Amino acid sequence: MPKILITRRLPASLDALDAFASVEVWPQRQPPPYEVLLDRIRQVDGLLCLLTDPIDRRLIEAGVNLKVISQMAVGYDNIDVAAATARRIPVGHTPDVLTDATADFAWALLMAAARRVVEAERLTRAHQWQTWEPDLLLGADVGGATLGIVGLGRIGQAVARRAKGFEMRILYTNQTRCSPELEQQLGVEFVAFEELLARADFVTIHTPLTPQTHHLFSDYQFEQMQSSAVLINTARGAVVDPAALYRALSQGKIAAAAIDVTEPEPIPSDSPLLTLENLIITPHIASASRQTRTKMATMAIENLIAGLQGKRLPHCVNPEVYS
Ligand code: GLV
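Predicted model only: the values in this text are computed from it and were never measured.

**Notes on the domain arrangement of the chain**
One widely used convention gives an interface's size as the accessible area the parts lose upon coming together.
Turning to step 1, where the next piece is worked out: By domain assignment, the chain separates into domain 1 (3-97 + 290-322) and domain 2 (99-281).
Turning to step 2, where the next piece is worked out: One C-alpha centre belongs to domain 1, the other to domain 2, and the line joining them spans 31 Å.
Turning to step 3, where the next piece is worked out: If you look at the interface, domain 1 gives nine residues, while domain 2 gives five residues.
Turning to step 4, where the next piece is worked out: Between domain 1 and domain 2, a total of about 600 Å² is buried, with carbon and sulfur atoms accounting for 46% of that surface.
Turning to step 5, where the next piece is worked out: When residues of domain 1 are sorted by the area they lose upon contact with domain 2, L51, D77 and D96 head the list and together hold 60% of the total.
Turning to step 6, where the next piece is worked out: Along the contact surface separating domain 1 from domain 2 lie two salt bridges.
Turning to step 7, where the next piece is worked out: Our enumeration of links across domain 1 and domain 2 arrives at two residue pairs in polar contact (both at pLDDT 80 or more).
Turning to step 8, where the next piece is worked out: Each residue belonging to the side of domain 1 that touches domain 2 can be placed in one class, and the counts come to four nonpolar, three polar and two charged.

Here it is as structure tokens:
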């Protein structure tokens, strides 16, 4: 029987796997320590991992029987895919099923930051709501504003579709320009990154983390933005330099930010970002609806089973292993 390691309890049934594999599920809430992964990887045929597991070259090379790596996430920057490809190990991920949930959450953050929902809630609970005031907690209008989408992939496009309902002007920047048909359908305008920074009232990040997007937002980029602008990040924390974000928010280079991802994760308890009133921070939950997380787990299990059976993974990030 093939052996499987699943690095956390999943919100989906493992019956299909149990039928033909011997399954170990890491039982704790915290991820398995690296040394534990290194020990287990030597014995398993399949690994189902999460974005909190650093699946590096050393680990992949130690997995002498490893036939498939299946990650329950769409992003896979924690996995050394080149090392997996070199060993012809397919790597699976979970695109599409989390697109809408993630776009919804980017919007939840955008609205919350624009209208200062979290600050308002804190003020109310602190018994500081004394009367209706003409200038209490003034935020920014969303309807009719300019939205800048950095990365117009699956999730960026879903964010754009939602923005249409708010009658926003939608700018985007992307490695490659989309087709005129798609641009027209989404009502989006392709601009250079710097132009987007200068024009957008709201900037929302939807790029994967790669060497090119690491700290894509640093001091220079915040300086290009409007002092009234709001930044939303539901992609990966390291796309934004956290020290530069602190400077931008504390010095009023931008008005506010709302981030679901940080560098590192979790955010260190002594991070100066935690002292800022004009920053909303949530614990990487953009895809965390009950339905979506179940779909992600189910898809990760399907990828795992396909890999164990020597079949092509339904959602593979390195299809070159099949050529
Ligand atoms: C979550 O961040 C994911 O990549 O699925």
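**Some details on helix 7 (residues 154-164)**
Turning to step 1, where the next piece is worked out: Looking only at helix 7, the buried set comprises I155, G156, Q157, A158, V159, A160 and A163.
Turning to step 2, where the next piece is worked out: On its buried side, helix 7 packs onto helix 5 (99-114), strand 6 (146-150), strand 7 (169-173), helix 8 (180-186), strand 8 (188-190) and strand 9 (202-205).

**A look at the sheet that holds strand 4 (residues 68-71)**
Turning to step 1, where the next piece is worked out: Overall, parallel pairing links the five strands, which are arranged 2-1-3-4-5 in an open sheet. In this open sheet, the two strands that pair with only one neighbour each are strand 2 (22-25) and strand 5 (91-92).
Turning to step 2, where the next piece is worked out: For strand 4 and strand 5, the ladder comprises two bridges, and the chain directions are parallel. Bridge assignment links S70 to a residue of strand 5, and that residue is G92.
Turning to step 3, where the next piece is worked out: Set on the sheet, helix 12 (residues 290-308) makes contact with strand 1 (3-6), strand 3 (46-49), strand 4 and strand 5; between it and strand 4 the angle comes to about 175°.

**Focus: the UniProt feature "domain: D-isomer specific 2-hydroxyacid dehydrogenase catalytic" (unreviewed entry) in the chain**
Turning to step 1, where the next piece is worked out: Under the UniProt annotation, the feature "domain: D-isomer specific 2-hydroxyacid dehydrogenase catalytic" (unreviewed entry) is placed at residues 5-318.
Turning to step 2, where the next piece is worked out: Counting secondary structure, residues 5-318 comes out at 34% helix and 14% strand; the distance between its end C-alpha atoms is 21 Å.

**What about the packing of aromatic side chains?**
Turning to step 1, where the next piece is worked out: If you walk through the whole model with that rule in mind, you get four aromatic pairs.
Turning to step 2, where the next piece is worked out: Ring geometry for W107 against F166: centres 4.6 Å apart, planes inclined by 15°, an arrangement best described as stacked. Here F166 lies in the loop between helix 7 and strand 7 and W107 lies in helix 5, a separation of 59 residues in the sequence.
Turning to step 3, where the next piece is worked out: When its relative accessible area of 30% is taken as the criterion, F166 is described as partly exposed.
Turning to step 4, where the next piece is worked out: Aromatic side chains F193 and F217 sit 5.5 Å apart centroid to centroid with 85° between the ring planes, which places their arrangement in the edge-to-face category. Of this pair, F193 sits in helix 9 (residues 193-199) while F217 sits in the loop between strand 9 and helix 10 (219-224), and the two are 24 residues apart along the sequence.

Quick notes on the rules
- Residues numbered from 1 in each chain as written.
- Predicted model: local features only at pLDDT ≥ 70, side-chain atom pairs only at ≥ 80, totals over all residues.
- Heavy atoms only, no water.
- Domains from an automatic or database assignment.
- Contact = heavy atoms within 4.5 Å.
- Buried area = accessible area lost by both parts, 1.4 Å probe.
- Salt bridge = Lys/Arg side-chain N within 4 Å of Asp/Glu carboxyl O.
- Polar contact = N/O pair within 3.5 Å; in protein donor to acceptor, adjacent residues only side chain to side chain.
- Nonpolar A, V, L, I, M, F, W, Y, C, P; charged D, E, K, R; others polar.
- Buried < 20%, exposed > 50% of the residue type's maximum accessible area, 1.4 Å probe, protein only.
- Helix = DSSP H or I, 4+ residues; strand = E, 2+ residues; numbered from the N terminus.
- Pairing = 2+ DSSP bridges.
- Axes fitted to C-alpha atoms, helices over the stretch in contact; angles between N-to-C directions.
- UniProt positions renumbered as here; feature names shortened; annotations may be inferred.
- Phe/Tyr/Trp six-rings, centres within 6.5 Å; stacked < 30°, edge-to-face > 60°.

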